[in-house]
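# Geometric and topological summary
So the chains spell out like this:
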Amino acid sequence: MTACPTGIAHTYMAAEKLAQAADALGVGMKVETQGSIGAENVLSDNDVRDADAIIVAADKDVDLSRFTGKRVLKVGVAEGIRHPERLIERARTAPVHGASGPAAAGSSDPRDGAEGGDHGRGRDRDGKERSAAYKALMNGVSYMIPFVVVGGLLIAMSLALGGHATPEGYAIAEGSFWESVFKIGEIGFRLMVPILSGYIAYAIADRPALVPGMIGGWIANTGALYGSEAGAGFIGAIVTGFLAGYLVLWIKKVKVPGFAQPIMPIIVIPIVATSALGLFFIHVIGKPIAWVFEHLTGWLSGMTGTSAILLGAVLGLMIAFDMGGPVNKTAFLFGAGLIASGNQTVMGMCAAAIPVMPLGQGLATLIRRSLYSERERETGMAALFMGFFGISEGAIPFAAARPAQVIPANMLGGAVAGALAGLAGVQDAVPHGGPIVAVLGAVEGVPMFFLAIVAGTAVTALTTNALIGLKERGAEAVGGTDVRIPAQAGGQADARGTEGATVPAQALAGAPVGGTRTGGTSAEGDPTRGTRAAGGAAEAAGADTEGPGACSGTAIGTGTGAGTGTAEAADAGSDSGAGAGPDSGALSDHLTARTVKVGLEATDKDSAIREMAAMLATTGRVTDVEGLVRAALAREDQGTTGLGEEIAVPHAKTDAVTAPVVGFARSPEGVEWGSPDGTKARLIFMITVPEAAAGDEHLRILSLLSRKLMDAEFCGRLLTAPDEPAVLRVLADIA
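Residues numbered from 1 in each chain as written. Predicted model: local features only at pLDDT ≥ 70, side-chain atom pairs only at ≥ 80, totals over all residues. Heavy atoms only, no water.

## Considering the side chain of glutamine 361
Keep this limit in mind: Helix and strand definitions follow DSSP, with helices as H or I runs of at least four residues and strands as E runs of at least two, each counted in order from the N terminus. The term polar contact refers here to a pair of N or O atoms within 3.5 Å; inside protein, the definition further demands a hydrogen-donor-capable atom paired with an acceptor-capable atom, and it admits residues adjacent in sequence only when both atoms are side-chain atoms. In this description, contact between two residues means that some pair of their heavy atoms is separated by no more than 4.5 Å.
Position of glutamine 361 among the secondary structure elements: in helix H13 (residues 356–367). A distance of 2.9 Å separates a polar atom in the side chain of glutamine 361 from a polar atom in the side chain of asparagine 410. If we skip the residues at most four places from it in the chain, glutamine 361 touches Ala395, Phe398, Val406, Asn410, Thr460 and Thr464.

## Some words on a nonpolar patch on the surface
What counts here: Candidates for patches are residues over 30% relative accessible area with no salt bridge; among them, like charges are joined within 9 Å and nonpolar side chains (Val, Leu, Ile, Met, Phe, Trp, Tyr) within 5 Å. Exposure was quantified through the Shrake-Rupley algorithm and a 1.4 Å probe, taking into account, for residues, occlusion by the shown protein chains and nothing else. Between Lys or Arg on one side and Asp or Glu on the other, a salt bridge is scored when a side-chain nitrogen of the former is within 4 Å of a carboxyl oxygen of the latter.
On the surface, Val239, Leu243, Phe280 and Val284 cluster together into a nonpolar patch covering about 300 Å² of accessible area. Going through the elements one at a time, helix H8 (233–252) and helix H9 (264–301) are the ones with two or more residues in the nonpolar patch. Relative to the helices and strands, valine 239 resides in helix H8.

## Topic: the packing of aromatic side chains
In plain terms, the rule: To pair, rings of Phe, Tyr and Trp, with the six-membered ring standing in for Trp, must have centres within 6.5 Å; the planes then decide the type, stacked if under 30 degrees apart, edge-to-face if over 60, and tilted in the middle. Each residue's exposure class comes from its accessible area (1.4 Å probe, protein chains only) as a fraction of the maximum for that residue type: buried when under 20%, exposed when over 50%, partly exposed otherwise.
The full count for this structure, using the stated rule, is nine aromatic pairs. Judged by centre distance (5.0 Å) and plane angle (75 degrees), the ring pair of phenylalanine 177 and tryptophan 178 falls under edge-to-face. With relative accessibility at 59%, the residue phenylalanine 177 sits in the exposed group. For tryptophan 178, a relative accessible area of 22% gives the class partly exposed. Ring centres 5.8 Å apart and planes at 55 degrees place the aromatic pair tyrosine 199 and tyrosine 202 in the tilted group. Residue tyrosine 199 and its partner tyrosine 202 are both found in helix H6 (residues 177–205); the two are separated by three residues, about one turn of the helix. Each member of the pair, tyrosine 199 as well as tyrosine 202, carries the same accessibility label: buried.

## Structural notes on the nonpolar core
What counts, and what does not: Among the buried residues, those of types Ala, Val, Leu, Ile, Met, Phe, Trp, Tyr and Cys that are joined through side-chain atoms within 4.5 Å form a nonpolar core.
One finds Leu196, Phe234, Leu315 and Phe449 to be the most contacted residues of the largest nonpolar core, which totals 84 residues. In terms of residue count, helix H5 (residues 132–162) provides more of this core than any other element does, twelve residues in total. Formed by 25 residues, the second largest nonpolar core is a distinct cluster that contains Met612, Leu628, Ala665 and Val671.

## Some remarks on the pairing of strand S15 (residues 661–671)
Two faces, one strand: in a regular strand the side chains alternate between the faces of the sheet. Note the following rule: When DSSP finds two or more bridges between two strands, those strands count as paired.
Of all the eleven residues making up S15, nine are buried; the element is thus mostly covered by neighbouring parts of the structure. Bridge count for strand S11 (residues 596–597) against S15 is two bridges, and the pairing is parallel. Across the sheet, the residue bridging to valine 596 is phenylalanine 664, located in S15. In this structure, S15 lies alongside strand S16 (residues 681–689), joined through seven bridges in antiparallel fashion.

## A short note on the pairing of S16
Summarising burial for S16: eight of the nine residues are buried, a large majority. Of the strand pairs in this sheet, strand S13 (residues 647–648) and S16 are connected by two bridges, and their pairing is parallel. The partner of alanine 648 across the bridge, within S16, is isoleucine 684. Pairing analysis gives three bridges linking strand S14 (residues 651–653) to S16, with the strands arranged parallel. Bridged to lysine 653 within S16 is valine 689.

## A look at the pattern of salt bridges
Applying the stated rule across the entire model yields ten salt bridges. A salt bridge links lysine 183 to glutamate 179, with the nearest nitrogen and oxygen atoms 3.8 Å apart. With lysine 183 and glutamate 179 both in helix H6 and four residues apart, this pair spans about one turn of that helix. Classification of lysine 183 by relative accessible area gives partly exposed; the value is 45%. Its relative accessible area of 19% is what places glutamate 179 among the buried residues. The salt bridge involving glutamate 636 is made with lysine 605; its shortest N-O contact spans 3.3 Å. Residue glutamate 636 is found in helix H21 (residues 625–638), and its partner lysine 605 is found in helix H20 (residues 605–617); the two are separated by 31 residues along the sequence.

## As for the environment of alanine 201
Within the secondary structure layout, alanine 201 lies in helix H6. Spatially, the C-alpha atoms of alanine 201 and tyrosine 246 are 7.6 Å apart, while their sequence positions differ by 45 residues. Discounting residues that sit within four places of it in the chain, alanine 201 has contacts with Asp206, Ala209, Gly213, Gly241, Ala244 and Gly245.

## Regarding unusual backbone geometry
At aspartate 206, a position not held by glycine, the phi torsion is positive, near 70 degrees. In this structure aspartate 206 comes out as buried when scored by relative accessible area, which is 2%.

## Regarding the packing of helix H12 (residues 345–353) against helix H16 (residues 403–424)
Selection criterion: The convention used is that axes are lines fitted to C-alpha atoms, helices contributing only their stretch in contact, and that angles between N-to-C directions extend from 0 to 180 degrees. Crossing handedness is read from the near helix: turned anticlockwise from the far helix by less than a right angle, it gives a left-handed crossing, and turned clockwise, a right-handed one. Each residue receives one of three labels: charged for Asp, Glu, Lys and Arg, nonpolar for Ala, Val, Leu, Ile, Met, Phe, Trp, Tyr, Cys and Pro, and polar for the others, Gly being one of them.
H16 packs onto H12 with a crossing angle of 145 degrees between their chain directions and a minimal axis gap of 8 Å. You can see that H12 and H16 cross each other, and the crossing is right-handed. The segment H12 lies against H16, with Gly348, Met349, Ala352 and Ala353 engaging Gly414, Ala417, Gly418, Ala421 and Gly422. Grouping the constituent residues of the contact of H12 with H16 by class yields five nonpolar, four polar and no charged.

## Focus on the confidence of the model for the protein chain
Our working definition: pLDDT is a per-residue confidence score from the predictor, ranging from 0 to 100.
Here the protein chain shows a mean pLDDT of 74. Residues at 70 or above account for 71%. Least confident of the elements in the protein chain is helix H19 (residues 567–578), whose mean pLDDT is 35; most confident is H13, at 93. Considering only residues more than four positions removed or in separate chains, one finds that residues 479–553, a stretch of pLDDT under 50, has 410 contacts. Note on residues 558–585: pLDDT is under 50 here. Beyond four places in sequence and across chains, it has 40 contacts.

This is the structure we're talking about:
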């Protein structure tokens, strides 16, 4: 099976390489690909039954239940490209996948770490490997984001259209239509914390960990269960997610009789892990949280007679720290409680700090768009909207994905806003925050209130981007000559190996597994020197997330029943999966004589992109050349699209074009593109599609290119073609 986090290039590169290696070794093989355009050449039950072994090359979690009882080798997708012959040999003696062992969950086998390439890890945008913990965290964030956005926007909409300020807070008329909308939004917010926890656990230990993770997250967010006025919020969810995941992994290692194995993942493990985690949180972790809440309130009470600037800064720090957690709730309830006694200035400080986090993170995605994935930028727009209505949870996806950079930036901005509001004596008559309370007349000292919010927002945005930039520059300095393969923010769960008892096998099958993208970044394995690379960077930014457990497969076997799918069959499947009809000219639909150039004049990457963008503009499909250039360069900022072996595939999704268009240029001397093998790019394909067509069409073009660029003879013909018509004849082979 072959697939990769974005399911575009590496999926097909690995399939091609495995098929070629199987032919060379005289081994029967069928390769299932699980790309973003759908599953192709799918392994049937008979294929699996007759296979000698299964090769799973994956950079995310995958449900291996259909391979129970078979030898399963689990590696990163890059290994399918780099060492296909080695994988076939290793698969013959791979551990047997069993329902109760770690293999059932696709857990990583440390023994494969040395050879596994991306085994158990993803890559950041510079090609640096991500840890399994990071990928688990990003898996949780990716599933949490829709709940944050939907819940937040419904609450904001109901407050805007049906709410009014009261002494008890911002209220909606009881029994009204907008109260129903508000309650639906509240459900989204209540679910986001257990969803975050559950899918962190899922990424670590697969489906048996999902229930313990979700219930643990619900407990963490329900302070009443452990005597706290506020739950532990998203920070508590991260804790319970990791606890649940690793607890389930530990339970899986317990040896049980054969008759009990079928019920372990669906009954025994979830019940034991859920009970243990829930009781541990309520009676062990929950008590300190309640203690912190109680003592913080007392500490704040002792500060009321001190400097207003200092108190405002402290309240701003607390409001921004955990956004709905115990520290945030302590500050908010402290300010709200003083309103009744006639002291509205403390709530004024809190009200100024409350919107800073979502507004700051939203602004950050606008200031330096290249630092964020498309989905993060979309989440940023929603965060701006939520910030206006004082919904601080809009910043949680950013804080959960990059806590070391976002939380300090949030706290600094919150402190600035709170201190300025305290300095100016801003007052808020209702226990709510954000610009909306000033618009509705609940704030006294409106100009300074808005100044405090603007200052805090700017500080948060600039600090966030600075810290993220510092981290990435540091990674580049440490990484040296590491491979630079792009990743989507919000990478996904780790690719995990397989372990279990070794018993005689009946058949062999091989498989890399598909992945997903979120508010966060996923990555692929890197092709290295000596491998015809077509994927890494060509995995277009913007492929949406696949569901949990998505997988793809390759069946290899020496038995007579083994499937023998070919590259040609997979190619055909690629077209059909993309929806290409009989009249489709495939790549030739978008590449013409106007967009081919055999003598690229540019000598550096930026100039090459500009030259090719100008060439694409001759088709009439480019409405904004500079916009196209910016989009392509922004994609390069996420990670080089230089693939090695003298190939580069710059690409972009942008409304600067009205229809998909592809260009090809050949550089006589080569252009430095930051390729992983150090070679200069001589064969350069530029692909651009409008946002509305960025789905199947974008993926189809990339998958077609990926397969063909694995063919050294094809690339050689491109290098030696004497003129543009000759190049077009060579490219006509891509269909």
